[in-house]
Amino acid sequence: MRYSRHLVSLRTFGLAFAVVLTPALMQVEAQCETYVPELEALEFVVEGEDLLDGKFAPEHRVYEVEMPAGVETATLRATTPSDDAQVMCNTSTDCPPPANHGNLPDGGGEMELHDFPPGHSMLRVWIVDDGALGLYSIHVMAPAICE
């Protein structure tokens, strides 16, 4: 079967046109934005001092603190912009089960955290609001006391 030059050049032109326009036609803006709940305030209080003082910003999700030597107790305070948001926390170490875990009141509140073992621990604060999940992490370093 033979094609005329005119038909072949039209097909080639059509294919080239489709290849050139494909990237422009495939650029579609996101149709929905993902909601990730944030905290309004987050405090990690040890012996009356907030170790996150001046460091907390709702858009930052990871923090590091160092516990003073000999102290094993801290208070977690977290508040959300929504009174209906649920706030949970747990502390994990190298060995299960979680050392501290529990639910704060809806909208936030405070919780006493006990028995931070020497070394590294990870405190995670979870926020659930309107079916969406948010997470903040605090790396806690508790020094070992050698006798």
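Per chain, residue numbering runs from 1 following the sequence as it is written. Since the coordinates come from a predicted model, pLDDT governs what is reported: local features require at least 70, and pairs of side-chain atoms require 80 or more to be given and counted, while whole-chain, interface and lining totals use all residues. Side-chain metrics in this entry use all non-hydrogen atoms of the structure; hydrogen atoms and water are not considered.

K.L.:
Please clarify how the overall build of the protein chain should be interpreted in this entry.
P.N.:
Going along the chain from the N terminus, every DSSP run of H or I of four or more residues is numbered as a helix, and every run of E of two or more is numbered as a strand. Along its length, the protein chain carries one helix and nine strands. Relative to its full complement of 147 residues, the protein chain shows a buried share of 30%. It only takes one pair of heavy atoms within 4.5 Å for two residues to be counted as in contact. The long-range share in the protein chain, meaning contacts at least 24 apart out of those at least 6 apart in sequence, stands at 62%. To measure how exposed things are, a 1.4 Å probe is used in the Shrake-Rupley method; for residues, cover is taken only from the protein chains shown. Accessible surface, the protein chain: about 10100 Å² in total, of which carbon and sulfur atoms supply 55%. Type-normalised accessible area, obtained with a 1.4 Å probe on protein chains alone, sets the label of each residue: buried when under 20%, exposed when over 50%, and partly exposed for intermediate values.

K.L.:
Just to check I follow, could you spell out the sheet that holds strand β9 (residues 132-142) for this structure?
P.N.:
Neighbouring strands of a sheet are bound in pairs by backbone hydrogen bonds; such pairs are parallel or else antiparallel. Here a strand pair is declared whenever DSSP counts at least two bridges between the two strands. One open sheet holds the five strands; their spatial order is β3-β9-β8-β5-β6, and the pairing between them is mixed. Only two strands of the sheet have a single partner each, and these edge strands are β3 (62-66) and β6 (100-104). On average, each strand axis in the sheet is tilted by 15° relative to the strand beside it, whichever way the strands run. Sheet topology note: the strand β5 (residues 86-92)/strand β8 (residues 119-129) ladder contains seven bridges and is antiparallel. Looking at the pairing, M88 lines up with W126 of β8. A fitted line through C-alpha atoms represents every axis, and for helices the fit uses only the stretch in contact; the resulting angles, taken between N-to-C directions, go from 0 to 180 degrees.

K.L.:
Explain the environment of Y63 to me, please; I cannot follow it from the model alone.
P.N.:
The residue Y63 is located in strand β3 in this model. Separated by 59 residues in the primary sequence, Y63 and M122 have C-alpha atoms spaced 9.9 Å apart. Not counting residues up to four positions away in its chain, the partners in contact with Y63 are L42, L52, K55, F56, A57, Y136, S137, I138 and H139. Of note is the side chain of Y63, whose polar atom sits 2.9 Å from the backbone oxygen of A57. Polar contacts here mean pairs of N or O atoms no more than 3.5 Å apart (in protein, one a potential hydrogen donor and the other a potential acceptor; neighbouring residues in sequence count only if both atoms are side-chain atoms).

K.L.:
Could you clarify how one ought to interpret the sheet that holds strand β2 (residues 49-50) in this entry?
P.N.:
Sheet architecture is open: four strands sit in the order β2-β1-β4-β7, paired in antiparallel fashion. Strands at the two margins of the open sheet, each flanked by one partner only, are β2 and β7 (108-113). Sheet analysis places strand β4 (residues 74-79) next to β7, joined by six bridges and oriented antiparallel. The residue bridging A74 from the neighbouring strand is L113, located in β7.

K.L.:
Just checking my understanding: could you explain the pairing of β4 for this structure?
P.N.:
The side chains of a regular strand alternate between both faces of the sheet. As defined by bridge partners, strand β1 (residues 41-46) adjoins β4 across five bridges and the pair is classed as antiparallel. Residue pairing in the sheet places A41 in a bridge with T79 of β4.

K.L.:
Looking at this structure, how should I read the packing of aromatic side chains?
P.N.:
Within a pair of aromatic rings, the relevant descriptors are the distance that separates the centres and the angle that separates the planes. Aromatic rings from Phe, Tyr and Trp, with only the six-membered ring used for Trp, were paired whenever their centres fell within 6.5 Å, and each pair was classed as stacked if the ring planes differed by under 30 degrees, edge-to-face if by over 60, and tilted otherwise. Tallying each qualifying case throughout the model produces two aromatic pairs. Ring centres of F56 and Y63 lie 6.0 Å apart, and the angle between their planes is 35°; on these two criteria the pair is classed as tilted. Considering the side-chain rings of F56 and Y136, the 6.0 Å spacing of their centres and the 45° angle between planes classify their relative orientation as tilted. Taken as a pair, F56 in the loop between β2 and β3 and Y136 in strand β9 lie far apart in primary sequence, 80 residues in all. Members of the aromatic cluster, connected to one another through ring pairs, are F56, Y63 and Y136. When the NZ atom of lysine or the CZ atom of arginine is within 6 Å of a ring's centre and also within 35 degrees of its normal, the charge is said to sit over that ring. Positioned above the aromatic ring of Y136, the side-chain terminus of R61 is 4.4 Å from the ring centre.

So, to be careful, I would describe these as geometric facts and stop short of saying anything about function.
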